[in-house]
Amino acid sequence: MFNKETYMQRRAQLKKTLGSGLLLFLGNDELGLNYADNNFRYRQDSTFLYYFGLSFAGLSAIIDIDEEKEIIFGDELTIDDIVWMGIQPTLKEKSDRVGISHTQPSASLPEYLQKAVAKGQTIHYLPPYRPEHKIKLSEWLHIPFAQQEGSIPFIRAVVNQRNYKTEEEIVEIEKACNITADMHVAAMKMLRPGMKEYEIAGAIEALAFSAGGDISFPTIATINGQTLHNHYHGNTVKPGDLFLLDAGAETAMGYAGDMSSTFPADKKFTTRQREVYEIQNAMHHTSVKALRPGITYMEVYELSAKVMVEGLKSLGLMKGNAEDIVREGAHAMFYPHGLGHMMGLDVHDMENLGEVWVGYDGQPKSTQFGRKSLRLGRTLEPGFVLTVEPGVYFIPELMDKWRAEKKFMDFLNYDVMETYKDFGGIRNEEDYLITESGARRLGKYIPLTPDEVEAMR
């Protein structure tokens, strides 16, 4: 935890921004994996962590701006709880740690909300992403599941605080990034033909656990890099394969790292692998060089896409004018996702609050294939922490679909593409802080160029 003044200042700023009403914060409960007493790994709600700092199950909170009250709701441990889990701080002791003096039992929260409704108070809540939160909102405030969209003023106020990382947050994020970099370097050194993908996944996740934290998202460790979120780890690595690793560490305080690397199963890249890898590297370096306050991330994405198009034209895979190709969306055949996303207490920071608010400042997202998957498109500002992760992919199913539809025939050379159907995909990713004058990479450096990667093998 940070010191209690940090959480008090965050809540004070939130109250000043919203001005009136009652703010409801639903902390996360334990969740059974396959029966009630065998739980998934516990993770507190990130917005609850940001304002209250307490990573304990069964807590909720309100900030009643009109009544000038801050209350944490929860229950004390019974002797049965203590027998099985050991002693914990009391609810008052937990609350004192974050500068809150008022506590009430969990059962009193519905009554408090009902009285607020009766008084005509505006009750602000955030969009729920867990079933138990939806049930509570339905029972307590009589809001049907389909209408639980959250309070826009509350969403925007939270986004406009959490998007700008403080110095103490940067220290914690960089800790996560350093562990993440160690995970990727270990994988580069370890991989050999004949191994199972899960051997790599298990080894790197152990590094995150042994550093006192956890993984920040399910690990992607695969020889099928053309599948963007591939969480299957049962394949055997073969000579000639490319291995794509997308993995990150989370600190004990909940801050995330997120990096990707791609490396050959053999000691060296094949000629064809190196050619495509160098194109992806050029996309990455162009993107990083462009990072600065005032530029939109959509502009940076388009720069990376044009670099890819020119590179693939040199291999005979594309043809035509790069500006036209990117504008029309033909580049998404090989680049079907965005360039990156915000990162902090969530690996995709505040994704539950809506990408249109976090990544677009309320502006509508594109509906174009590929471009619509860009989670961040807004103007960059100092204090933003984001990922840079362009990629190049050869997805046989997408090739077949577009070819059957005769799509972008003026831009795509389908005959040459047929020869790349067994290629896979390449993605490399780093994490950056936008500064007053440009950007700074967070965490240790992961080998990025083909020569650097081969030197690790």
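Placed above this text is the structure.
Residues numbered from 1 in each chain as written. Predicted model: local features only at pLDDT ≥ 70, side-chain atom pairs only at ≥ 80, totals over all residues. Heavy atoms only, no water.

A.B. asks: Any chance you could explain the overall build of the protein chain here in plain terms?
C.D. replies: Along its length, the protein chain carries 16 helices and 17 strands. A compact globule built from 457 residues should have a C-alpha radius of gyration of about 23 Å, and the protein chain, at 24 Å, falls within 12% of that. Once the C-alpha set of the protein chain is aligned to its principal axes, its extents read approximately 70 × 45 × 45 Å. Counting over 457 residues, the protein chain shows a buried share of 54%. If you take every contact in the protein chain between residues at least 6 apart in sequence, the share linking residues at least 24 apart comes to 73%. Just so you have it, the protein chain exposes about 19300 Å², and 53% of that area is on carbon and sulfur atoms. Measuring between centres, the 49 positive side-chain charges of the protein chain sit 3 Å from its 64 negative side-chain charges. (Helix = DSSP H or I, 4+ residues; strand = E, 2+ residues; numbered from the N terminus. Rg over C-alpha atoms; globule rule 2.2 N^0.38 Å. Buried < 20%, exposed > 50% of the residue type's maximum accessible area, 1.4 Å probe, protein only. Contact = heavy atoms within 4.5 Å. Areas by Shrake-Rupley, 256 points an atom, 1.4 Å probe, with all protein chains shown as cover. Lys, Arg positive; Asp, Glu negative; His and termini not counted. Charge placed at Lys NZ, Arg CZ, Asp CG, Glu CD.)

A.B. asks: Looking at this structure, how should I read the packing of aromatic side chains?
C.D. replies: One pair of aromatic rings is described through two measures. These are the centre distance and the angle between the planes. Under the counting rule described, the total for this entry stands at 19 aromatic pairs. For the ring pair F269 and Y277, a centre distance of 4.7 Å and an interplane angle of 45 degrees mean the geometry is tilted. As far as burial versus exposure is concerned, F269 and Y277 are alike and both buried. Seen from their ring centres, F334 and F394 are 5.5 Å apart, and the 65 degrees between their planes marks the pair as edge-to-face. (Phe/Tyr/Trp six-rings, centres within 6.5 Å; stacked < 30°, edge-to-face > 60°.)

A.B. asks: So what exactly am I meant to see when it comes to the sheet that holds strand β12 (residues 259-264) here?
C.D. replies: Sheet strands pair by backbone hydrogen bonding; their relative direction is either parallel or antiparallel. Overall, antiparallel pairing links the 3 strands, which are arranged β9-β10-β12 in an open sheet. The strands lining the two open edges of the sheet, one partner per strand, are β9 (220-222) and β12. Direction aside, neighbouring strands of the sheet carry axes that sit 10 degrees apart on average. Bridge count between β9 and strand β10 (residues 242-247): 3 bridges; the pairing is antiparallel. Across the sheet, the residue bridging to T222 is L244, located in β10. Along the sheet, helix α8 (residues 167-190) contacts β10 and β12; its crossing angle with β12, the most-contacted strand, is approximately 10 degrees. On top of the sheet, helix α9 (residues 197-210) reaches β9 and β10; it is set at about 30 degrees to β10, its chief contact. (Pairing = 2+ DSSP bridges. Axes fitted to C-alpha atoms, helices over the stretch in contact; angles between N-to-C directions.)

A.B. asks: Explain the pattern of salt bridges here, please?
C.D. replies: Two side chains of opposite charge can pair, provided their charged atoms sit close to one another. This model, assessed by the stated rule, comprises 41 salt bridges. The partner of R130 in a salt bridge is E132, and the shortest N-O contact between them spans 3.4 Å. Here the two residues R130 and E132 agree in accessibility, since each one is buried. Where E310 meets K313, a salt bridge forms, and the shortest distance between an N and an O atom there is 3.4 Å. (Salt bridge = Lys/Arg side-chain N within 4 Å of Asp/Glu carboxyl O.)

A.B. asks: When you look at the side chain of H331 in this model, what are you seeing that I'm missing?
C.D. replies: The residue H331 is located in the loop between α12 (322-328) and α13 (355-358) in this model. Not counting residues within four places of it along the chain, the set of residues in contact with H331 comprises Y301, A305, M308, V309, M318, I325, V326, Q368 and R371.

A.B. asks: Would you explain the packing of helix α10 (residues 271-290) against helix α11 (residues 297-314) in this entry?
C.D. replies: Helix-helix packing: each pair is described by the crossing angle between the helix axes and the interaxial distance. In contact at an axis separation of 9 Å, α10 and α11 are set at 155 degrees when each is read in the N-to-C sense. It follows that α10 is roughly antiparallel to α11 by the angle criterion. Of the two possible hands of crossing, α10 and α11 adopt the one that is right-handed. Counted together, I279, A282, M283, T286, S287 and A290 of α10 and V300, L303, S304, V307, M308, G311 and L312 of α11 form the full contact between these two elements. (Parallel < 35°, antiparallel > 145°, perpendicular 65-115°, else oblique. Left-handed = near helix turned anticlockwise from the far one by under 90°.)

A.B. asks: Can you help me understand unusual backbone geometry in this one?
C.D. replies: When glycine is set aside, most residues are seen to have a negative phi, and most peptide bonds are trans. In this structure, E68 takes a positive phi of about 55 degrees despite not being glycine. Assignment of secondary structure puts E68 in the loop between β4 (60-64) and β5 (69-73). For E68, a relative accessible area of 75% translates into the label exposed. Of note in this structure, H142 is not a glycine but carries a positive phi near 60 degrees. Mapped onto the secondary structure, H142 falls in the loop between α6 (131-141) and α7 (152-162).

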